[in-house]
Amino acid sequence: MNFKPQLRFPEFSGEWEEKKLGEVSFLNPKSDSLPDKFIYIDLDSVESGLLKKKKVIFKNDAPSRAQRVLENFDILYQTVRPYQKNNYFFSLKDSEKYVASTGYAQIRAKDDSKFLYYAMHTERFVNEVLANCTGTSYPAINSKDLGKIKLRITSVMEQEKIASFLSKVDSKIDLLEKKQELWETYKKGIMKQIFSQKLRFKDENGEDYPDWEEKKFETIINYGKAGGTPTSTNKNYYGGQIPFLSISDMTSQGKYIKSTEKLITKAGLNNSSAWIVPENSLLYSIYASVGSVAINKSDISTSQAIFGIILDENIVEIEYIYYYLLDYKKYIHKFIETGTQGNLNAKTVRNLVIKVPSQNEQTKISNYLSFIDIKIEQLSKEVKINKKFKKGLLQQMFC
């Protein structure tokens with residue numbers, strides 16, 4: 001068979017060879033005995049190819065799974081799903097010693113390690129892993145079977161060129177993600193300062209705004225009610241034109257709800273406790289993910305896990321209350337009913353005490369926090385675009 005990539009640097013030509021992973025690398029090379037002190041890389045230490053947690057372990061306290069003593073440029077391939085999430089390319093050059101869990105296959109490339117790392121992230125390779133894993137609850141692949149999976153390999157010079165290019169793409173993604181994390185951290189800190197009133201805005205004349213007032217939530221609500229779920233076994237209740245919001249929609253979309261995974265019919269609405277929450281209302285989670293909050297950008301119905309709130313706009317701005325409740329989520333565990341699985345009830349929500357500044361200060365607070373959210377969203381979009389670009393490169397640069 002002829003193996004040539006769709007996308008290639010112009011200075012290279014010729015066909016690629018097909019070889020087993022075990023032919024182009026050493027799998028689980030024999031390690032020296034554990035160092036007296038080391039950093040342990042477990043399956044929860046790595047996320048999206050980055051080392052997020054460092055656990056310092058002494059030899060006598062080491063878990064039995066700590067057996068992979070690492071050398072620079074080793075590849076750690078998680079042998080239990082999800083295979084691509086926790087893989088790690090070890091390229092730390094500090095004086096620390098590192099040891100990885102046996103939950104990883106340790107792979108030491110014979111040629112370019114980074115090329116091999118990228119080749120193991122192509123759909124072709126991952127699909128082969130999936131086809132060869134065993135087990136039902138925790139599907140896994142053993143190192144022997146992993147070593148039999150075939151990859152397409154080119155000359156060392158082309159390997160290095162491809163790896164260098166993709167590394168630059170990864171560096172850009174990493175930089176964007178770090179910027180996003182910094183803005184998110186800044187947002188949390190500034191919200192804490194604002195809602196504790198340690199940081200106050202000034203009016204146009206540089207003067208202080210009036211003191212904030214404490215109000216029961218029910219006094220700033222025109223109408224509030226939890227939703228309801230139509231009987232799931234009745235097909236006549238689903239597939240209509242009415243958006244039906246679930247907790248998963250809220251957690252995936254963030255501040256603004258623009259669409260829902262499910263739709264219900266008028267019959268489903270009429271035969272349940274669901275109601276139409278008008279556009280630009282507040283949506284507050286009172287069951288799973290308690291304290292999550294969002295704003296709907298179109299008329300919507302919700303499950304009973306969500307309390308729909310129409311605010312009194314003469315007293316409060318919805319954007320201000322959104323951010324107030326977002327910050328307030330850290331306190332919400334105090335109000336969860338004893339004996340329930342982390343739920344709030346409507347009475348508890350109505351009795352929450354909200355600190356309300358003047359409307360002019362509310363506007364300044366919400367505008368500033370919205371500005372931060374826009375920055376975070378822009379970076380999030382850039383990350384997604386670059387990850388999609390990288391995925392396309394992987395498919396085209398590896399034949």
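Above this text you will find the structure in question.
Counting from 1, residues in each chain are numbered in the order their sequence is written. In keeping with the model being predicted, local features are shown solely for residues with a pLDDT of at least 70 and side-chain atom pairs are shown and tallied solely at 80 or more, while totals for entire chains, interfaces and linings include all residues. The basis for every side-chain value is the complete set of non-hydrogen atoms in the structure, without hydrogens or water.

## So, the environment of Gly227
As a reminder of what qualifies: For the purposes of this entry, the term helix denotes a DSSP run of H or I that reaches at least four residues, the term strand denotes a run of E that reaches at least two, and both are numbered from the N terminus. Accessible area is worked out with a 1.4 Å probe on protein chains only. A residue is then buried under 20% of its type maximum, exposed over 50%, and partly exposed in between. Residues are treated as being in contact if the distance between any of their heavy atoms lies within 4.5 Å.
Note on placement: Gly227 falls in the loop between strand S14 (221-226) and strand S15 (238-245). In this structure Gly227 comes out as buried when scored by relative accessible area, which is 7%. Gly227 sits 29 residues away from Lys198 along the chain, and the two C-alpha atoms are 37 Å apart. Setting aside chain neighbours within four positions, we find Gly227 in contact with Ser273, Ala274, Trp275, Thr302, Ser303, Gln304 and Ile306.

## Some details on the nonpolar core
General note: in soluble globular proteins, nonpolar side chains tend to be found buried as a group. Note the cut-off: By nonpolar core we mean a set of buried residues, namely Ala, Val, Leu, Ile, Met, Phe, Trp, Tyr and Cys, connected to one another through side-chain atoms within 4.5 Å.
Residues Phe195, Phe217, Leu282, Tyr284, Leu311 and Ile321 are the most contacted members of the largest nonpolar core, which totals 38 residues. At the level of elements, helix H5 (156-195), strand S18 (282-285), strand S19 (293-296), strand S21 (306-311), helix H8 (318-328), strand S22 (353-356) and helix H10 (359-397) are the ones that each hand at least two residues to this core. Within the second largest apolar cluster, 37 residues are counted, among which are Phe12, Tyr117, Tyr118 and Leu146.

## Things to note about the sheet that holds S19
By definition, the strands of a sheet pair up through backbone hydrogen bonds, in either a parallel or an antiparallel sense. Keep this limit in mind: When DSSP finds two or more bridges between two strands, those strands count as paired. Lines fitted to C-alpha atoms define the axes here, with helix axes fitted over just the stretch in contact, and angles between the N-to-C directions of these axes take values from 0 to 180 degrees.
One open sheet accounts for 5 strands, arranged S14-S21-S18-S19-S16; its pairing is mixed. Of all the strands in the sheet, the pair left with one neighbour each is S14 and strand S16 (256-257). When S16 meets S19, the two strands line up parallel, connected through 2 bridges. Across the sheet, residue Tyr256 finds its bridge partner in S19, namely Ile295. Across the face of the sheet, H8 comes into contact with S16, S18, S19 and S21 while running at roughly 160° to S19.

## Thoughts on unusual backbone geometry
If you check the backbone angles, Asn28 has positive phi at about 50° while not being a glycine. Mapped onto the secondary structure, Asn28 falls in the loop between strand S2 (25-27) and strand S3 (37-41). Of note, Asn280 is a non-glycine position whose phi angle comes to about 60°, a positive value. Tracing the backbone shows Asn280 in the loop between helix H7 (266-270) and S18.

## Some thoughts on the packing of H5 against H10
Just so we agree on the cut-off: Roughly parallel means an angle under 35 degrees; roughly antiparallel means over 145; roughly perpendicular covers 65 to 115; every other angle is labelled oblique. The handedness criterion is simple: a crossing whose near helix is rotated anticlockwise from the far helix by less than a right angle is left-handed, and one whose near helix is rotated clockwise is right-handed. In this count, Pro and Cys sit with the nonpolar residues alongside Ala, Val, Leu, Ile, Met, Phe, Trp and Tyr, while Asp, Glu, Lys and Arg are called charged and the others, Gly among them, polar.
H10 packs onto H5 with a crossing angle of 160° between their chain directions and a minimal axis gap of 10 Å. By the angle class used here, H5 and H10 are roughly antiparallel. The two elements H5 and H10 meet at a crossing, and its hand is left-handed. Tallied by class, the residues present in the contact of H5 with H10 amount to 24 nonpolar, 3 polar and 11 charged.

## A closer look at the pairing of S15
In the sheet, S15 pairs with strand S17 (residues 262-264) via 4 bridges, with the strands oriented antiparallel. By the bridge assignment for S17, Tyr238 is matched with Ile264. Two strands pair when backbone bridges link them, and S15 and strand S20 (residues 301-302) are joined in this way by 2 bridges, in the parallel orientation. The residue bridging Phe244 from the neighbouring strand is Ser301, located in S20.

## Side note on the packing of aromatic side chains
Applied cut-off: To pair, rings of Phe, Tyr and Trp, with the six-membered ring standing in for Trp, must have centres within 6.5 Å; the planes then decide the type, stacked if under 30 degrees apart, edge-to-face if over 60, and tilted in the middle. Whether a charge lies above a ring is judged from NZ of Lys or CZ of Arg, which has to be within 6 Å of the ring centre and within 35 degrees of the ring normal.
Under the counting rule described, the total for this entry stands at 22 aromatic pairs. Ring plane angle 55° and centroid distance 5.8 Å describe the contact between Phe195 and Tyr320, whose orientation is recorded as tilted. With a gap of 125 residues between them, Phe195 in helix H5 and Tyr320 in helix H8 connect regions that are remote in the sequence. Exposure remark for Tyr320: the relative accessible area of 0% places this residue in the buried category. Put simply, the rings of Phe195, Trp212, Tyr320, Tyr324, Tyr328, Tyr331 and Phe335 pair up and form one aromatic cluster. The side chain of Lys110 reaches across the aromatic face of Phe26, ending 5.1 Å from its centre. The ring of Phe89 is capped by Lys114, whose NZ or CZ atom sits 4.7 Å from the centre of that ring.

## Focus: the side chain of Asp170
To be explicit about the condition: Polar contact criterion, stated in full: a pair of N or O atoms within 3.5 Å, where within protein one must be able to donate a hydrogen and the other to accept it, and residues adjacent in sequence count only if both atoms are side-chain atoms.
Relative to the assigned elements, Asp170 resides in helix H5. Only 2.9 Å separates the side chain of Asp170 from the side chain of Lys390, close enough to count as a polar contact. Apart from the residues within four sequence positions on either side, Asp170 is in contact with Tyr118 and Lys390.

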